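If you want the building blocks of each chain, they are given just below.
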Amino acid sequence: QVQLVESGGGLVQPGGSLRLSCVASGSIFSINAMGWYRQVSGKQRELVAGIISGGSADYADSVKGRFTISRDNAKNTVFLQMNSLKPEDTAVYYCNARIRGTPYWGQGTQVIVSS
């Protein structure tokens, strides 16, 4: 019914920037909230940033001041601007959307921060 596709990941040096995008498509009437999670091998998936339909956003303490989440509700798209990247930001980043109360996940996009 619903598909989420992430893009924008890649390799970047410490201190650099990346912008992730996630587009939701399918049987969508409204999106209650969208967010970004990340996961490294052997560890739990963790919330990076979330945003509700009204525009309010919150962030993990580890990324506050460096990452910014935004969305285009008309296009069912959420973005994650990542600045001042650190090696510990390396992970697979997953998009999440809640549509009519049901959570959906994308396939993930790899972010590698390394010299």
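Look up: the structure comes first, before these words.
Residues numbered from 1 in each chain as written. Predicted model: local features only at pLDDT ≥ 70, side-chain atom pairs only at ≥ 80, totals over all residues. Heavy atoms only, no water.

Asks: An account of the nonpolar core is requested, with residue identities and associated values reported.
Replies: A general tendency of soluble globular proteins is for nonpolar side chains to be buried together. Of all hydrophobic cores here, the largest spans 30 residues; its most connected members are Trp36, Leu80, Met82 and Tyr93. Among the secondary structure elements, those contributing two or more residues to this core are strand S1 (2-7), strand S3 (18-26), strand S4 (31-39), strand S5 (46-52), strand S7 (67-72), strand S8 (77-82), strand S9 (91-99) and strand S11 (109-113). With residues near it in sequence (within four places) discarded, Met82 still touches Gly16, Ser17, Leu18, Leu20, Arg66, Phe67, Tyr93 and Val111. (Core = buried A, V, L, I, M, F, W, Y, C linked by side-chain atoms within 4.5 Å. Buried < 20%, exposed > 50% of the residue type's maximum accessible area, 1.4 Å probe, protein only. Helix = DSSP H or I, 4+ residues; strand = E, 2+ residues; numbered from the N terminus. Contact = heavy atoms within 4.5 Å.)

Asks: A description of the state of the cysteines should follow, citing residues and the corresponding values.
Replies: Enumeration over the complete set of coordinates arrives at 1 disulfide. Two residues, Cys22 and Cys95, share a disulfide whose sulfurs are 2.0 Å apart. Between Cys22 and Cys95, the disulfide has an S-S torsion of -85 degrees and is therefore left-handed. One end of the pair, Cys22, is in strand S3; the other, Cys95, is in strand S9, and 73 residues separate them in sequence. Both residues of the pair, Cys22 and Cys95, count as buried. (Disulfide = S-S within 2.5 Å.)

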